[in-house]
Amino acid sequence: QLTESGGGLVQAGDSQTVSCVASENTFQSYSAHWFREKPGMAREFVAGLSWIYDSPEYSDDVKGRFVIYRSSDKNTLYLQMNDLKVDDTAVYFCAASALHSGSAFDAAVSFWGRGTQVVVSS
């Protein structure tokens, strides 16, 4: 089970960190990812960490602004979002997959969280 928290209303330019707690040591043997679903759009990959290589990967939209990391026990995943833009407004989902890479796509995900809403105002 994956449970996100940390969403809310922020202003453009602000920073916000969302987190995801995994039960049953899920991230010990699954790669960890963040996806987001913007209003009226399909869910998209944002960032991920390979459970094997532990190297972060990011979508072009967020590269240089967002940072994905996890706790030392690997049970909590974080997404630090810096210099937020109105276009970052979305529901952010935590996910786990058996992929070896941090990059992922919907069909490869084994577990989804319920999501946490982030609204960025101008």
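Located above this text is the structure these notes cover.
Sorry if this is basic, but what is going on with the nonpolar core here?
Soluble globular proteins tend to pack their nonpolar side chains together in the buried interior. One finds Phe27, Trp34, Leu77, Leu79 and Tyr92 to be the most contacted residues of the largest nonpolar core, which totals 25 residues. Broken down by secondary-structure element, the contributors of at least two residues to this core are β3 (16–22), β4 (31–37), β5 (43–49), β7 (66–70), β8 (76–81), β9 (90–97) and β11 (116–121). With 4 residues, the single largest contributor to this core is β9. For Tyr92, the contacting residues outside a window of four places in its chain are Glu4, Trp34, Phe35, Arg36, Val46, Phe66, Leu79, Met81, Gly115, Thr116 and Val118.

What's the story with the environment of Asp83 in this structure? I'm lost.
Within the secondary structure layout, Asp83 lies in the loop between β8 and β9. A relative accessible area of 38% places Asp83 in the partly exposed class. Separated by 68 residues in the primary sequence, Asp83 and Ser15 place their C-alpha atoms 5.9 Å from one another.

I tried to follow the sheet that holds β7 on my own but got confused; where do I start?
The strands that make up a sheet pair up through hydrogen bonds in the backbone, lying either parallel or antiparallel. An order of β1-β3-β8-β7 is seen for the 4 strands of this open sheet, with the pairing classed as antiparallel. The strands lining the two open edges of the sheet, one partner per strand, are β1 (2–5) and β7. For this sheet, the mean angle separating the axes of adjacent strands, direction not counted, is 15°. By the bridge criterion, 4 bridges tie β1 to β3 in an arrangement that is antiparallel. Opposite Ser5, over in β3, you have Ser19 as the bridge partner.

Hey, could you run me through the pattern of salt bridges in this one?
Taken as a whole and assessed by the stated rule, the structure comprises 9 salt bridges. Two residues, Glu44 and Lys38, come together in a salt bridge whose shortest N-O distance is 3.9 Å. With relative accessibility at 23%, the residue Glu44 sits in the partly exposed group. When salt bridges with common partners are traced through the structure, they connect Arg36, Lys38, Glu44, Asp61, Arg65, Asp87 and Asp88 into a single cluster.

How do you make sense of the state of the cysteines when you look at a structure like this?
Two cysteines, two sulfur atoms, one covalent bond between them: this is a disulfide. Across all of its chains, the model carries 1 disulfide by this definition. Across the disulfide, Cys20 is cross-linked to Cys94 (sulfur-sulfur distance 2.1 Å). Classification of the bridge connecting Cys20 and Cys94 rests on its S-S torsion, roughly -75°, and on that basis the disulfide is left-handed. Here Cys94 lies in strand β9 and Cys20 lies in strand β3, a separation of 74 residues in the sequence. By relative accessible area, Cys20 is classed as buried at 0%.

How should the pairing of β5 be read in this particular structure?
Every regular strand shows the same layout, with side chains that alternate between the two sheet faces. The buried count for β5 comes to 5 of 7 residues, which makes it a mostly enclosed element. Relative to β5, β4 is paired through 6 bridges, and the arrangement is antiparallel. Bridge pairing in β5 links Ala32 to Leu49. For β5 and strand β6 (residues 56–58), the ladder comprises 3 bridges, and the chain directions are antiparallel. Within the sheet, the bridge partner assigned to Gly48 lies in β6 and is Glu57.

What exactly am I supposed to notice about the side chain of Gln16 here?
Examined against the element boundaries, Gln16 turns out to sit in strand β3. Taking relative accessible area as the criterion, Gln16 reaches 19% and is therefore assigned buried. Here Gly6 takes part through its backbone oxygen, which lies 2.6 Å from a polar atom of the side chain of Gln16. Dropping the residues within four chain positions of it, Gln16 is found in contact with Gly6, Gly7, Gly8, Val10, Leu79, Gln80, Met81 and Leu84.

Procedures and definitions
Every chain begins its residue count from 1, and numbering advances along the sequence as written. Only residues with pLDDT of at least 70 are given local features in this predicted model, and only at 80 or more are side-chain atom pairs given and counted; all residues enter the totals for whole chains, interfaces and linings. Calculated side-chain values reflect all of the structure's heavy atoms, with hydrogen atoms and water omitted. Only buried residues count toward a nonpolar core, which is a set of Ala, Val, Leu, Ile, Met, Phe, Trp, Tyr and Cys residues joined through side-chain atoms within 4.5 Å. Per-residue accessibility, obtained with a 1.4 Å probe over protein chains only, is compared with the maximum for each type, and a residue is labelled buried under 20%, exposed over 50%, and partly exposed between these values. Helix numbers and strand numbers start at the N terminus; a helix is a DSSP run of H or I with at least 4 residues, a strand a run of E with at least 2. Throughout, a contact is declared for two residues whenever any of their heavy atoms are within 4.5 Å. For two strands to be treated as a pair, DSSP must find no fewer than two bridges joining them. Interaxial angles span 0 to 180 degrees and are taken between N-to-C directions of axes, which are lines fitted to C-alpha atoms, for helices over the stretch in contact. The rule for a salt bridge is simple: a side-chain nitrogen of Lys or Arg has to be within 4 Å of a carboxyl oxygen of Asp or Glu. To count as a disulfide, a pair of cysteine sulfur atoms needs to be within 2.5 Å. We call two N or O atoms a polar contact when they sit within 3.5 Å, provided that within protein one can donate a hydrogen and the other can accept it, with sequence-adjacent residues counted only if both atoms are side-chain atoms.

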